[in-house]
Amino acid sequence: MLSKRDIQKELGKGINIYPLYTENIKENSINLSISSNCWTEDDGDVYWYGDENFSLSKNENVKKNFTLKKGDSSIVNVGTKNDEKNYLLLLPHTTTAIETEEVIGVGDNIGGALHSKVGIAGKGIGHIGTMLGPGFCGHLLVSLHNITNNVIALEVGSTFVSISFDYLETEVERTSSTVSGHVDKFSDLGLNINESTRDYITKDWKNNIDEIREKMILSDEYKQYKTHIKREKWKDFQRYFSRKNIIACACVIILFISLLGLATYIDNTTGNNTWVNRFWNVGCSGIVCSLLVSFFKFLKN
């Protein structure tokens, strides 16, 4: 599994995401967001009572009502003109198909897996067990399963799934091109999609890792993130220049020079070059090198 540092190294290479939200990059995963393209697989009348309070029950305090139909969009708009919000509605005991806002493109030597976020699972949404195949390009289509008796509302743009990455020991050879967003599966799932949405999901650049990479590296978010990473690396390097480390380095240098000086003194006294040779051939290659490895680990700690 790739760590945060591994992911940072692969950004712009084997891992490419657009748009890139750097706050979603975690210690060993990246969180992905809900787009406005989501479809319910059941029918239902839903009533809104303010904020994220949606219900199948109607009373006199209802502010707005929505009718969701199987295969159609499960996104609703609520709020005032100055404070509008879009929500994804998950009907009880129903599966909802969601396209990620982000487009992702990975190399042929990288795979991955999608996992439920703790906060999402805590709402009563079933576990996500989707795989990311090597060489994939496009939006990810993820199914959420509401296993509760209540309507669950998730704000569009919020994160709902985490993706982790793994290296493959050998690269795979692509046998077919990727269909962005898995729109080829929509008819099997009974999802209705209009031409404008289809065109948006299947734009040519979303099927090409090089074009996804180009859009990512040209974005301000990516440029700022690369600058941030460089600053963090410089700060890490500066931490080595502590008083403790400087004293430790000085002690090692003094010890090294002292041992070399002692060997030279003995050889000058005896009239041969035995101890100097032993110092370089045995001391440096064996004892001193081992000590230096331990020393650098000490500095790192």
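In what follows, the structure referred to is the one given above.
Note that the structure is a prediction, hence the values are computed from the model and not measured. (Residues numbered from 1 in each chain as written. Predicted model: local features only at pLDDT ≥ 70, side-chain atom pairs only at ≥ 80, totals over all residues. Heavy atoms only, no water.)

J.: In this structure, what is going on with the side chain of S74? I would like to understand it.
T.: Structurally, the position occupied by S74 is in the loop between β5 (64–68) and β6 (75–80). When near neighbours in sequence (up to four residues on either side) are disregarded, S74 contacts C38, W39, T40, L68, Y87, L88, L89 and T96. (Helix = DSSP H or I, 4+ residues; strand = E, 2+ residues; numbered from the N terminus. Contact = heavy atoms within 4.5 Å.)

J.: Just to check I follow, could you spell out the sheet that holds β6 for this structure?
T.: Reading across the sheet, the three strands line up as β6-β7-β12 and stay open at both edges, with antiparallel pairing between neighbours. Only two strands of the sheet have a single partner each, and these edge strands are β6 and β12 (152–155). Across this sheet, the average inter-strand angle for adjacent strands is 40°, counted without regard to direction. Note: strand β7 (residues 83–90) against β12, four bridges, orientation antiparallel. Paired with L88 across the strands is L154, a residue of β12. (Pairing = 2+ DSSP bridges. Axes fitted to C-alpha atoms, helices over the stretch in contact; angles between N-to-C directions.)

J.: Sorry, what's going on with the sheet that holds strand β3 (residues 44–48) here?
T.: Hydrogen bonds along the backbone pair up the strands of a sheet, which may run parallel or antiparallel. The three strands lie next to each other as β4-β3-β5, forming an open sheet whose pairing is antiparallel. Two strands bound the open sheet, and with one partner strand each, they are β4 (54–55) and β5. Bridging between β3 and β4 involves two bridges; their strand directions are antiparallel. When the sheet's bridge partners are listed, W48 is paired in β4 with F54.

J.: Please explain the pattern of salt bridges as it appears in this structure.
T.: Applying the stated criterion across every chain, the model contains one salt bridge. Notably, a salt bridge pairs D210 with R213, separated by 2.8 Å at the nearest N-O pair. Of this pair, D210 and R213 both sit in helix α5 (residues 209–217), three residues apart, which is roughly one turn of that helix. (Salt bridge = Lys/Arg side-chain N within 4 Å of Asp/Glu carboxyl O.)

J.: Can you walk me through a negative patch on the surface in this structure?
T.: Where like charges cluster on the molecular surface, the negative patch consists of D42, D43, D45 and D72. Positionally, D43 belongs in the loop between β2 (30–40) and β3. (Patch = residues over 30% accessible without salt bridge, like charges linked within 9 Å, V, L, I, M, F, W, Y side chains within 5 Å. Areas by Shrake-Rupley, 256 points an atom, 1.4 Å probe, with all protein chains shown as cover. Lys, Arg positive; Asp, Glu negative; His and termini not counted. Charge placed at Lys NZ, Arg CZ, Asp CG, Glu CD.)

J.: What's the story with α5 in this structure? I'm lost.
T.: Count 3.6 residues to each turn of an α-helix, and residues three or four apart come out pointing the same way. Where α5 is concerned, the buried positions are I209, I212, R213 and M216. Across the axial projection of α5, the buried residues extend over an arc of 100°, all falling on one side. With a side-chain oxygen lying 2.8 Å from the backbone nitrogen of D210, the N-terminal cap of α5 falls on N208. (Buried < 20%, exposed > 50% of the residue type's maximum accessible area, 1.4 Å probe, protein only. Arc of directions from axis to C-beta. Polar contact = N/O pair within 3.5 Å; in protein donor to acceptor, adjacent residues only side chain to side chain.)

J.: Please clarify how the nonpolar core should be interpreted in this entry.
T.: When a protein is soluble and globular, its nonpolar side chains tend to lie buried together. I104, L132, L140, L154, I163 and F165 are the most contacted members of the largest nonpolar core, which has 37 residues in total. Setting aside chain neighbours within four positions, we find F165 in contact with M1, L2, I7, I15, I30, I104, V106, I110, G111, G112 and L132. In terms of nonpolar packing, the next biggest core, distinct from the first, is built from twelve residues, W48, F54, F66 and A153 among them. (Core = buried A, V, L, I, M, F, W, Y, C linked by side-chain atoms within 4.5 Å.)

J.: Help me out: how do you make sense of unusual backbone geometry in this one?
T.: Leave glycine aside and you will find that most residues have negative phi; peptide bonds, for their part, are mostly trans. The omega angle of the peptide bond from Y18 to P19 is -5°, so this bond is cis rather than trans. The topology assignment puts P19 in the loop between β1 (15–18) and β2. Phi is positive for D51, which is not a glycine, with a value near 55°. Tracing the backbone shows D51 in the loop between β3 and β4. What makes D51 exposed here is its relative accessible area of 67%. With a phi close to 50°, H93 is a non-glycine residue in the positive phi region. For H93, the position within the fold is in the loop between β7 and β8 (94–106).

J.: Help me understand the environment of D267, please; the structure alone is not making it clear to me.
T.: Mapped onto the elements of the fold, D267 is located in helix α7 (residues 243–270). For the pair formed by D267 and N277, sequence separation is ten residues and the distance between their alpha carbons is 9.7 Å. Look past the residues within four positions of D267 in its chain and what remains in contact with it is N272, N273, T274, W275 and V276.

J.: Please explain the packing of aromatic side chains as it appears in this structure.
T.: For any pair of aromatic rings, geometry is given as the distance between the ring centres together with the angle between the planes. Here the structure, examined in full by the defined rule, presents four aromatic pairs. Residues F54 and Y87 carry aromatic rings whose centres are separated by 5.7 Å and whose planes lie at 65° to one another, so their mutual orientation is edge-to-face. With a gap of 33 residues between them, F54 in strand β4 and Y87 in strand β7 connect regions that are remote in the sequence. Take F54 and Y87: they sit in the same class, and that class is buried. Each member of the aromatic cluster is reached from another via a ring pair, and the members are W48, F54 and Y87. Between the NZ or CZ atom of K63 and the centre of the ring of W48, over which it lies, the distance is 5.7 Å. Positioned above the aromatic ring of Y18, the side-chain terminus of K215 is 5.9 Å from the ring centre. (Phe/Tyr/Trp six-rings, centres within 6.5 Å; stacked < 30°, edge-to-face > 60°. Lys NZ or Arg CZ within 6 Å of the ring centre and 35° of its normal.)

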